Amino acid sequence: IVWDRLFGSFQPEEEEPVDTVPAHVTVLTREDLERSGARTLQDALALEAGVILYDEVGNDLEKTLDLRGFAEGTGTAVFLDGVRLNDPRNNSTALESIPLEAVERIEITRGSAAGLVGGGAEAGVIRVLTRSGAEPGGSLSAAGGSEGALPARRHLQGKIGQVELFRSGAHDETP
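Note that the coordinates shown come from a computational prediction; the quantities given were computed from them, not determined experimentally.

> So what's going on with the overall build of the protein? Residues and values would help.
Counting its secondary structure elements, the protein contains three helices and 10 strands. Starting at the N terminus, the α and β elements of the protein follow one another as β-α-α-β-β-β-β-β-α-β-β-β-β. Taking all contacts inside the protein whose residues are at least 6 apart in sequence as the whole, residues at least 24 apart take part in 49%. Surface summary for the protein: the accessible area is close to 9600 Å², and the carbon and sulfur share equals 53%.

Given below as structure tokens:
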């Protein structure tokens, strides 16, 4: 787990074994995500204990996060590569904006972490770490379904000199 004990901040170069962290933590690796069969970040999170996602809008994309009984994500701090994503007005997070193909690892820390990361983390913290583009490669997948469903996913990665590139995207169209 990537964890700075003093400040609770993201430190990409420092990893600590999950069994030495004084908190209830679940780490989902890239391999775990691929084996899960999840299509979206929300689907992957919904497979974990204590994480509930509600589809209040009805489009299967804009889901509301509930971690440990804190409805509407109000008690959960969400970080993407160390940057807090929560809306400062209501502490909600648009998880649908993060394609699952771009995710290298997810760390879910249950329990109050407000003292470490600030308010709005009474239920816990979700850290999403994205993939880097060190090895050249890519993927493209598309499918068709009943009633005009058209899901598509793609990613490209590579390295140009000292610059690592990673680009990912997803499109789900259901009439």
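What follows picks up the thread again.
> Give me unusual backbone geometry: which residues, what numbers.
Look at aspartate 81: it is not a glycine, yet its phi comes out positive at around 50°. The residue aspartate 81 is located in the loop between strand E4 (76-80) and strand E5 (83-84) in this model.

> Give a detailed account of a nonpolar patch on the surface, specifying residues and quantitative values.
Residues Ile160, Val163 and Leu165 make up a contiguous nonpolar surface patch of roughly 280 Å² in combined accessible area. With respect to the element layout, leucine 165 can be found in strand E10 (residues 163-173).

> Residues and numbers for the pattern of salt bridges, please.
All chains considered together, the criterion is met by four salt bridges. For the salt bridge of arginine 89 with aspartate 87, the shortest nitrogen-to-oxygen distance reads 2.6 Å. Of the residues examined, arginine 89 reaches a relative accessible area of 74% and is grouped as exposed.

> Break down a negative patch on the surface for me, with residues and values.
Judged by side-chain charge, Asp55, Glu56, Glu62 and Glu96 come together as a negatively charged surface patch. Mapped onto the elements of the fold, glutamate 56 is located in the loop between strand E2 (51-54) and strand E3 (64-67).

> Help me get a handle on the environment of glutamate 34, residues and values and all.
Here glutamate 34 shows up in helix H1 (residues 30-36). Residue class for glutamate 34 comes out exposed when judged on its relative accessible area of 52%. Sequence spacing of glutamate 34 and leucine 100 is 66 residues, and the spatial spacing of their C-alpha atoms is 9.3 Å.

> Can you tell me about the sheet that holds E4, naming the residues and giving the values?
Pairing is mixed in the open sheet, where five strands are placed in the order E1-E6-E7-E4-E5. A single partner strand is all that each edge strand has here, and the edge strands are strand E1 (24-29) and E5. With five bridges joining them, E4 and strand E7 (residues 124-130) adopt parallel strand pairing. Within E7, the position partnered with phenylalanine 79 by the bridge is arginine 127.

> Got a sec to walk through the confidence of the model for the protein? Specific residues and values, please.
In this model, the protein carries a mean pLDDT of 75, and residues with pLDDT of at least 70 account for 79%. By mean pLDDT, the top-scoring element of the protein is H1 (92), and the lowest-scoring one is strand E8 (residues 137-142) (71). Low confidence marks residues 1-13, where pLDDT is under 50. Its contacts with residues over four positions away, or in another chain, come to 40 contacts.

So, how was this worked out
Residues numbered from 1 in each chain as written. Predicted model: local features only at pLDDT ≥ 70, side-chain atom pairs only at ≥ 80, totals over all residues. Heavy atoms only, no water. Helix = DSSP H or I, 4+ residues; strand = E, 2+ residues; numbered from the N terminus. Contact = heavy atoms within 4.5 Å. Areas by Shrake-Rupley, 256 points an atom, 1.4 Å probe, with all protein chains shown as cover. Patch = residues over 30% accessible without salt bridge, like charges linked within 9 Å, V, L, I, M, F, W, Y side chains within 5 Å. Salt bridge = Lys/Arg side-chain N within 4 Å of Asp/Glu carboxyl O. Buried < 20%, exposed > 50% of the residue type's maximum accessible area, 1.4 Å probe, protein only. Lys, Arg positive; Asp, Glu negative; His and termini not counted. Charge placed at Lys NZ, Arg CZ, Asp CG, Glu CD. Pairing = 2+ DSSP bridges. pLDDT = per-residue confidence, 0-100.

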